[in-house]
Amino acid sequence: MGFTLREHTADVAVEADAPTLGGVFAAVADGLAAAMCDEIAETGDRFSVSVRAESLEATLFDYLDQLIYERDVRAVLPAAHEATVREDGDEWVVEASARGVPFEDVDARDVKAVTYSEMRLEETDEGWSAYVVFDV
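Predicted, not measured: the structure shown is a model, and the values here were computed from it.

Asker: It is not clear to me how the pairing of strand β8 (residues 127–135) should be interpreted in this structure. Could you clarify?
Answerer: Taken residue by residue, a regular strand's side chains alternate between the two faces of the sheet. By the criterion of burial, β8 is predominantly enclosed, with eight of the nine residues buried. Looking at chain direction, strand β2 (residues 11–18) and β8 are connected through seven bridges and run antiparallel. Its bridge partner being in β8, Val-14 is matched across the sheet by Val-132. Strand direction decides the pairing type here: strand β6 (residues 113–114) and β8, joined by two bridges, are antiparallel. By the bridge assignment, Ala-113 is partnered in β8 with Asp-135.

Put into structure tokens, the structure is as follows:
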């Protein structure tokens, strides 16, 4: 499981893979944290996030958007992500947690938003793969 930051014009992209769907959601979220901060402190308390949407891509988008929202209202850098994803009727649900590193413990850059531009989420022979572009 892991992620790679990719050059993307004026934006930043995260490419991630993991053996499970929850793992790839967490890996993209870890990539988001890395896009905001070069060195992440080991401080902060865990908080939970729950999101549901009508498609896997919408669930990933809403999950990442919720993390950006939590960053803004809690004044923390969400890091060390854990996530599980499941289908619930005609919706997808992500139940996740992150460690909220206080802004005073990091030198963070602003990521404005997650985008649907070029978003890719697909099952592979090895598990799951994702590509997400963030507006910086």
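Let us keep going from here.
Asker: When you look at helix α1 (residues 21–36) in this model, what are you seeing that I'm missing?
Answerer: Think of an α-helix as 3.6 residues a turn; residues three or four steps apart then line up on the same face. Taking 1.5 Å per residue, 16 residues should reach 22 Å; α1 reaches 23 Å between its end C-alpha atoms and fits that length. Burial analysis of α1 places 15 of its 16 residues in the buried class, which makes it a mostly covered element.

Asker: Even after reading the chapter, I still don't get the side chain of Glu-70, so can you show me in this structure?
Answerer: For Glu-70, the position within the fold is in helix α2 (residues 56–74). Each residue touching Glu-70, except ones within four places of it in the same chain, is listed here: Phe-47, Val-49, Ala-75 and Val-76.

Criteria and thresholds
Residues numbered from 1 in each chain as written. Predicted model: local features only at pLDDT ≥ 70, side-chain atom pairs only at ≥ 80, totals over all residues. Heavy atoms only, no water. Buried < 20%, exposed > 50% of the residue type's maximum accessible area, 1.4 Å probe, protein only. Helix = DSSP H or I, 4+ residues; strand = E, 2+ residues; numbered from the N terminus. Pairing = 2+ DSSP bridges. Expected span 1.5 Å × (residues − 1). Contact = heavy atoms within 4.5 Å.

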